[in-house]
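# A closer look at the structure
Residue-level listing of the chains:
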Amino acid sequence: MKSDPTSQSAVSDAKPALKTTYHHGNLREALVAAGLELLESTPADSLSLREIARQAGVSANAVYRHFADKDALLMALAAEGFRRLGVTQMAAREGVKDAVESMLIAGRAYIHFARDNPALFRLMFGRFAKSHRTDELEQAEKRSIEPLLASVAAASKRDATDPRVVNGMVHAWALVHGLSHLLLEEQFTTLADDPEKLIEDVLLQASQRGGKRDGGNPA
């Protein structure tokens, strides 16, 4: 089992620069990569443009070629987080033929993403992201739930546009999202010696209940 990600150490001044520093033509990507790396050990509100630029190997002024301010860069980080969340779920369920198992795996991947990226996850779903919307962020957020929607549609043998499938996806999303936040806030420590096993049991129980609905259709 992995250790609690919220206990990660603070950024050290001696931390080396990113392996993929800026090269001509990919400054924006380098800055986003630098911000994401810093988020592994630093809360979003503690990030600075100067530190992100230093990690990317460019001057502080170079940041303004692509981002008007720190808020704009944070929204780019959140959008990249949603893209990675979607890719994580897609990769986890790839090749899984059983529809209910695919839905379970997608939900498990969602929770693991939150566990492995606590600061990024909080940025993605926090008040700041909700009050600083961008087209890039909204599109990335929408696509991030498509794997879960597809899993529910397959499990229920219905079209993804069916309201019952959408409702089932929202139910599954609420479950895994709530479990993710509870895990990050260490709310399970008083309930079980192994919080991750507790979460796994909850997911299995939910998938078994869902699989019995509508003659085997979980949505």
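It should be noted that the structure appears before, not after, this text.
Not measured: the values here are computed from a predicted model. Sequence order sets the numbering: in each chain, residues are counted from 1 along the sequence as written. For a predicted model such as this one, the threshold for reporting local features is a pLDDT of at least 70, and the threshold for listing and counting side-chain atom pairs is 80 or more; totals across whole chains, interfaces and linings nevertheless cover every residue. Side-chain metrics in this entry use all non-hydrogen atoms of the structure; hydrogen atoms and water are not considered.

### Quick notes on unusual backbone geometry
Within the chain, Lys157 stands out as a residue other than glycine whose phi angle is a positive 60 degrees. Mapped onto the elements of the fold, Lys157 is located in the loop between α8 (146-156) and α9 (163-184). In this structure, Glu186 is a non-glycine residue whose phi angle is positive, near 60 degrees. Secondary structure elements are taken from DSSP: a helix is a run of H or I of four residues or more, a strand is a run of E of two residues or more, and numbering for both begins at the N terminus. Locating Glu186 in the fold gives a position in the loop between α9 and α10 (195-211). Relative accessibility decides the category of a residue: with a 1.4 Å probe and only protein chains considered, values under 20% of the type maximum give buried, values over 50% give exposed, and everything between is partly exposed. The class of Glu186 is partly exposed, set by a relative accessible area of 39%.

### Some details on the packing of aromatic side chains
Pairing of aromatic side chains here covers Phe, Tyr and the six-membered ring of Trp, requires ring centres within 6.5 Å, and sorts the geometry by plane angle: under 30 degrees stacked, over 60 edge-to-face, intermediate tilted. If you walk through the whole model with that rule in mind, you get three aromatic pairs. Centre to centre, the rings of Phe82 and Phe125 are 5.1 Å apart; their planes meet at 80 degrees, and the pair counts as edge-to-face. Of this pair, Phe82 sits in helix α3 (residues 70-93) while Phe125 sits in helix α5 (residues 118-125), and the two are 43 residues apart along the sequence. Overall, Phe82 belongs to the buried group, its relative accessible area being 1%. Given the relative accessible area of 15%, Phe125 is considered buried. Considering the side-chain rings of Phe121 and Phe125, the 4.9 Å spacing of their centres and the 50 degrees angle between planes classify their relative orientation as tilted.

### Details of the packing of α5 against α9
Two packed helices can be described by the angle between their axes and the distance between those axes. The contact between α5 and α9 brings their axes to 11 Å, and the two run at 130 degrees. Comparing their axes, α9 and α5 come out oblique. At the point where α5 passes α9, the crossing takes the left-handed sense. The residues of α9 that touch α5, namely those facing Pro118, Phe121, Arg122 and Phe125, are Trp173, His177, Ser180, His181 and Leu184. Fitted lines through C-alpha atoms serve as axes, helices being fitted only where they are in contact, and the angles separating the N-to-C directions of these axes extend from 0 to 180 degrees. Oblique is the label for every angle not falling under 35 degrees (roughly parallel), over 145 degrees (roughly antiparallel), or within 65 to 115 degrees (roughly perpendicular). Less than a right angle of anticlockwise turn of the near helix away from the far helix marks a crossing as left-handed, whereas a clockwise turn marks it as right-handed. Whether two residues touch is decided by their heavy atoms; if any such pair falls within 4.5 Å, the residues are in contact.

### Notes on the nonpolar core
Note on terminology: a nonpolar core comprises buried Ala, Val, Leu, Ile, Met, Phe, Trp, Tyr and Cys residues joined through side-chain atoms within 4.5 Å. Among the nonpolar cores identified, the biggest contains 48 residues, and Leu31, Leu39, Leu77 and Met124 are the most heavily contacted of them. Contributions of two or more residues to this core are made by α1 (27-39), α2 (49-56), α3, α4 (99-116), α5, α7 (135-144), α9 and α10. For Met124, the residues in contact, after removing those within four places along its chain, are Ala78, Gly81, Phe82, Leu85, Phe113 and Ala129. Residues Met103, Leu148, Val152 and Ala153 belong to the second largest nonpolar core, which totals 11 residues.

### A few points about the pattern of salt bridges
Two side chains carrying opposite charge are able to pair once their charged atoms lie near each other. For this analysis, a salt bridge means a side-chain nitrogen from Lys or Arg found within 4 Å of a carboxyl oxygen belonging to Asp or Glu. Considering all chains together, one arrives at 13 salt bridges under this definition. Linking Arg84 and Glu80 is a salt bridge whose minimum nitrogen-to-oxygen distance equals 3.1 Å. Taken together, the residues span about one helical turn, with Arg84 and Glu80 both in helix α3 at a distance of four residues. Between Glu185 and Arg122 there is a salt bridge; the shortest N-O distance is 3.1 Å. Of this pair, Glu185 sits in the loop between α9 and α10 while Arg122 sits in helix α5, placing them 63 residues apart in sequence. Residue classification places Glu185 among the partly exposed positions, given a relative accessible area of 43%. The partly exposed category is assigned to Arg122, whose relative accessible area is 32%.

### Section: the packing of α1 against α2
At a minimum axis separation of 8 Å, α1 and α2 run at an interaxial angle of 110 degrees. Between α1 and α2, the crossing angle belongs to the class labelled roughly perpendicular. Between α1 and α2 lies a crossing of right-handed hand. Two secondary-structure elements touch here, α1 through Ala30, Leu31, Ala34, Gly35 and Leu38 and α2 through Glu51, Ile52, Ala53, Gln55 and Ala56.

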